[in-house]
Amino acid sequence: MIIYTARHGQTEWNALHKVCGRTDVDLTPEGYKQAEALAENVSGCRIHMIYSSPLRRAAETSRIISERMGIPYFTDNRLMEQDYGIYEGVDRKNEDFLRNKKNFAFRYPSGESMMQTAVRVYGLLDEIREKEAGKNVLLVSHGGVCRVIRSYFVDMTNEEYFNYMQKNGALEAYEYR
């Protein structure tokens, strides 16, 4: 069983280097190109089903892939991006945001902690492993969620975790053993 992860195509907030968690923003024209390229990239991966975040940027990326491959996609709230609370829309290099990002158990004010995000994403991965055994599954989500998924399969130091970012429209693969 292979779990593929894809980050949605670019949004305006991505292009402007703004923190974007639960804010529901659309893909840019470049984001649509990335989604089309991603659909082409995954076409040879023998994917059986797609799970997607319900946020528009991920759902639209999933729709494009689904139509190209002729397989359904399902939304799951556990794939929604981390809730960054008061840091939604701030510059990604904001010192307070980055300081908070290094404290995995600390909840973003009016948001959630990375550990809370990991609990919901790890639960989904455990469920998929059992429910979809033997199938290859594509998860279309967000940068923070892709980071959590990577930590499920790959041991990472705190610094590696903090610095890891899957690019917009990028695909990664992990195998359950």
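Preceding this paragraph is the structure being described.
Residues numbered from 1 in each chain as written. Predicted model: local features only at pLDDT ≥ 70, side-chain atom pairs only at ≥ 80, totals over all residues. Heavy atoms only, no water.

Help me understand the state of the cysteines, please; the structure alone is not making it clear to me.
Simply put, the disulfide is a covalent bond whose two ends are the sulfur atoms of two cysteines. Applying the stated criterion across every chain, the model contains zero disulfides. Free cysteine: Cys20, not disulfide-bonded; nearest cysteine sulfur from Cys146 at 14 Å. (Disulfide = S-S within 2.5 Å.)

Is there a simple way to think about unusual backbone geometry in this case?
What is expected of a backbone is that most residues other than glycine have negative phi and most peptide bonds are trans. For Arg46, which is not glycine, the phi torsion reads 50° and is therefore positive. With respect to the secondary-structure elements, Arg46 resides in the loop between helix 2 (29-42) and strand 2 (49-52). Of note, the phi angle at Ser110 is positive, near 65°, even though the residue is not glycine. Within the fold, Ser110 resides in the loop between helix 4 (95-101) and helix 5 (114-131). (Helix = DSSP H or I, 4+ residues; strand = E, 2+ residues; numbered from the N terminus.)

I tried to follow the packing of helix 2 against helix 3 (residues 56-69) on my own but got confused; where do I start?
When two helices pack together, their arrangement is given by the angle between the helix axes and by the axis-to-axis distance. Contact geometry for helix 2 and helix 3: axes closest at 9 Å, N-to-C directions at 40°. With respect to helix 3, the axis of helix 2 lies oblique. In this structure, the crossing between helix 2 and helix 3 has a hand that is right-handed. Contacts from Tyr32, Ala35, Glu36, Leu38, Ala39, Glu40 and Val42 of helix 2 reach helix 3 at Glu60, Thr61, Ile64, Ile65, Arg68 and Met69. For the contact of helix 2 with helix 3, a count of residues per class yields eight nonpolar, one polar and four charged. (Axes fitted to C-alpha atoms, helices over the stretch in contact; angles between N-to-C directions. Parallel < 35°, antiparallel > 145°, perpendicular 65-115°, else oblique. Left-handed = near helix turned anticlockwise from the far one by under 90°. Contact = heavy atoms within 4.5 Å. Nonpolar A, V, L, I, M, F, W, Y, C, P; charged D, E, K, R; others polar.)

Before we go on, may I ask you to explain the packing of helix 5 against helix 6 (residues 143-153) in this structure?
Helix 6 packs onto helix 5 with a crossing angle of 60° between their chain directions and a minimal axis gap of 10 Å. The orientation of helix 5 relative to helix 6 falls into the category oblique. The two elements helix 5 and helix 6 cross, and the hand of that crossing is right-handed. Side by side, helix 5 and helix 6 meet where Thr117, Ala118, Val121, Tyr122, Leu125 and Asp126 of the first sit next to Val145, Val148, Ile149, Ser151, Tyr152 and Phe153 of the second. Residue classes in the contact of helix 5 with helix 6 are distributed as nine nonpolar, two polar and one charged.

I tried to follow the nonpolar core on my own but got confused; where do I start?
If you look at the biggest cluster of nonpolar residues, it comprises 26 residues, and the most contacted ones within it are Ile3, Tyr51, Leu125, Ile128, Val137, Leu139 and Ile149. Counting residues per element, the ones that place at least two in this core are strand 2, helix 5, strand 4 (137-141) and helix 6. For this core, the leading source of residues is helix 5, giving six residues. Other than its neighbours up to four places away in sequence, Ile3 contacts Leu125, Ile128, Val137, Leu139, Phe153, Glu172, Ala173, Tyr174 and Tyr176. The next biggest cluster of nonpolar side chains, apart from the first, holds 15 residues, and it includes Ala35, Cys45, Ala58 and Val140. (Core = buried A, V, L, I, M, F, W, Y, C linked by side-chain atoms within 4.5 Å. Buried < 20%, exposed > 50% of the residue type's maximum accessible area, 1.4 Å probe, protein only.)

Sorry if this is basic, but what is going on with the environment of Ser43 here?
Here Ser43 shows up in the loop between helix 2 and strand 2. Of the residues examined, Ser43 reaches a relative accessible area of 42% and is grouped as partly exposed. Ser43 sits 27 residues away from Gly70 along the chain, and the two C-alpha atoms are 10.0 Å apart. Among the polar contacts made by the side chain of Ser43, one reaches the main-chain carbonyl oxygen of Glu40 at a distance of 2.7 Å. (Polar contact = N/O pair within 3.5 Å; in protein donor to acceptor, adjacent residues only side chain to side chain.)

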